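# Structural overview
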Amino acid sequence: MASKEPDHEHREDEDAPAAEDEDTGAQVAPIVKLEEVAVSTGEENEDAILDLKSKLYRFDKEGNQWKERGAGTVKLLKHKETGKVRLVMRQSKTLKICANHLVLPTMTVQEHAGNDKSCLWHASDFSDGELKDELFCIRFASVENCKTFMEIFQEVAESQKSKEENEDASAAAKSLERLSVEEKKAEDKVGEEKAVATKEEKETEIDNTIKADSEKKDGEATSST
C-alpha cells in the first residue's frame, strides 16, 4: 500500500496544469558578443589579370600517371608594387590552394597533344608549403578559354623577362655608380695623404732651417768670446 503513494503523487504532478508564461518585457542580452573578423586571402595587394574556371592535374612521376588537383578558378595575379605575377588556383568548394607559383621568364606553356582544351607547363610550385618541381596540365570548358590562358601566360612570362633584364641593368648601373664613388673616395684619400706628406716635408724643412740658423748663431757667439 505504501509503495503506491509515490506513483499517485507523481500522477498528480503530471495532471497539474502548466503555468502560463508571463511577458515581463525584459530584454536579455547575449552572453557572447560576436565581432566581424576580416578574412585575408593574401591577394589584397594584387590585381587579377586572368580569372577562368578550369580543372587542374599534376603528373605523378612515381605512379607515371596524371592525378587531379582540383576543379576551381585559376588566376594570374600581378603584385601592385613589385609587378611580379603568380599563378594561383583554388578548389571551388573547399578553397584549398592547388597551385601557387610565380610566372618566370623561363616558363613556356604548350598544348596538350590530342586535346585542344588543355595545355601543359612546368613550374616550381609552393601550394603544399614547400617548393616542388611539377608538371601541370589544365583543362578548360572551351578552346577559346584555353587559348586565352596560353596567350596571357606567355605574354606575362615575356614581360617578366624584360623586367628581369631592366632589373639587371639597374643593378649593374648601381654597381658602376658605387664603384665610381669608391674610386673617387680613394683618389681623394690619396690626394689628402699627399697633401699631408707635403705639409710635413715643408714643416721639416722649416725646422731644419731654424735649427741650422740657431747653430750658426751659437757658433758665431762662441768664436767672438
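Before reading further, recall that the structure is shown in the block above.
We now turn to the structure provided with this report. Since we're looking at a predicted model, the values are computed, not measured.

By the element assignment, Arg69 lies in strand E2 (residues 65-79). Among the residues examined, Arg69 registers a relative accessible area of 19% and is labelled buried.

Attention now goes to the sheet that holds strand E3 (residues 85-91). The seven strands lie next to each other as E4-E3-E2-E1-E7-E6-E5, forming an open sheet whose pairing is antiparallel. Bordering the open sheet on either side are strand E4 (97-102) and strand E5 (110-112), each of which pairs with just one other strand. Averaged over all neighbouring strand pairs, the angle between strand axes comes to 35 degrees, with direction disregarded.

Per the counting criterion, the structure on display carries seven salt bridges. As a salt-bridge pair, Glu43 and Lys75 come within 3.5 Å of each other at their nearest N and O atoms. Residue Glu43 is located in the loop between helix H1 (5-15) and strand E1 (46-60), and its partner Lys75 is located in strand E2; the two are separated by 32 residues in the primary sequence. You can call Lys75 partly exposed: its relative accessible area is 22%.

Let us look at a negative patch on the surface. Together, Glu200, Glu201, Glu203, Glu205 and Asp207 make up a region of like negative charge exposed at the surface. Structurally, Glu203 can be placed in helix H2 (residues 143-224).

A residue is classified by how much of its surface remains accessible, and Glu43, at 14% relative accessible area, is buried. Not counting residues up to four positions away in its chain, the partners in contact with Glu43 are Lys75, Leu77, Arg86, Val88 and Arg90.

Residue Asn64 is not a glycine yet carries a positive backbone phi of 55 degrees. When you line up the elements, Asn64 lands in the loop between E1 and E2. For Asn64, a relative accessible area of 57% gives the class exposed. Positive phi is not limited to glycine here, since Leu95 has a value of about 65 degrees. By secondary structure assignment, the location of Leu95 is in the loop between E3 and E4. In this structure Leu95 comes out as exposed when scored by relative accessible area, which is 54%.

This brings us to the packing of aromatic side chains. Scanning all chains against the criterion turns up six aromatic pairs. Arranged with centres 5.3 Å apart and planes meeting at 45 degrees, the rings of Phe140 and Phe149 form a pair that is tilted. The exposure classification of Phe140 matches that of Phe149, with both residues buried. Each ring, one from Phe149 and one from Phe153, has its centre 5.7 Å from the other, and the planes form 45 degrees; the classification is tilted. Linking Phe149 with Phe153, this pair stays in helix H2, spanning four residues, or about one helical turn. The buried category is assigned to Phe153, whose relative accessible area is 0%. The rings of Trp121, Phe136, Phe140, Phe149 and Phe153 are connected pair by pair, giving a single aromatic cluster.

Definitions and cut-offs
Residues numbered from 1 in each chain as written. Predicted model: local features only at pLDDT ≥ 70, side-chain atom pairs only at ≥ 80, totals over all residues. Heavy atoms only, no water. Helix = DSSP H or I, 4+ residues; strand = E, 2+ residues; numbered from the N terminus. Buried < 20%, exposed > 50% of the residue type's maximum accessible area, 1.4 Å probe, protein only. Pairing = 2+ DSSP bridges. Axes fitted to C-alpha atoms, helices over the stretch in contact; angles between N-to-C directions. Salt bridge = Lys/Arg side-chain N within 4 Å of Asp/Glu carboxyl O. Patch = residues over 30% accessible without salt bridge, like charges linked within 9 Å, V, L, I, M, F, W, Y side chains within 5 Å. Areas by Shrake-Rupley, 256 points an atom, 1.4 Å probe, with all protein chains shown as cover. Lys, Arg positive; Asp, Glu negative; His and termini not counted. Charge placed at Lys NZ, Arg CZ, Asp CG, Glu CD. Contact = heavy atoms within 4.5 Å. Phe/Tyr/Trp six-rings, centres within 6.5 Å; stacked < 30°, edge-to-face > 60°.

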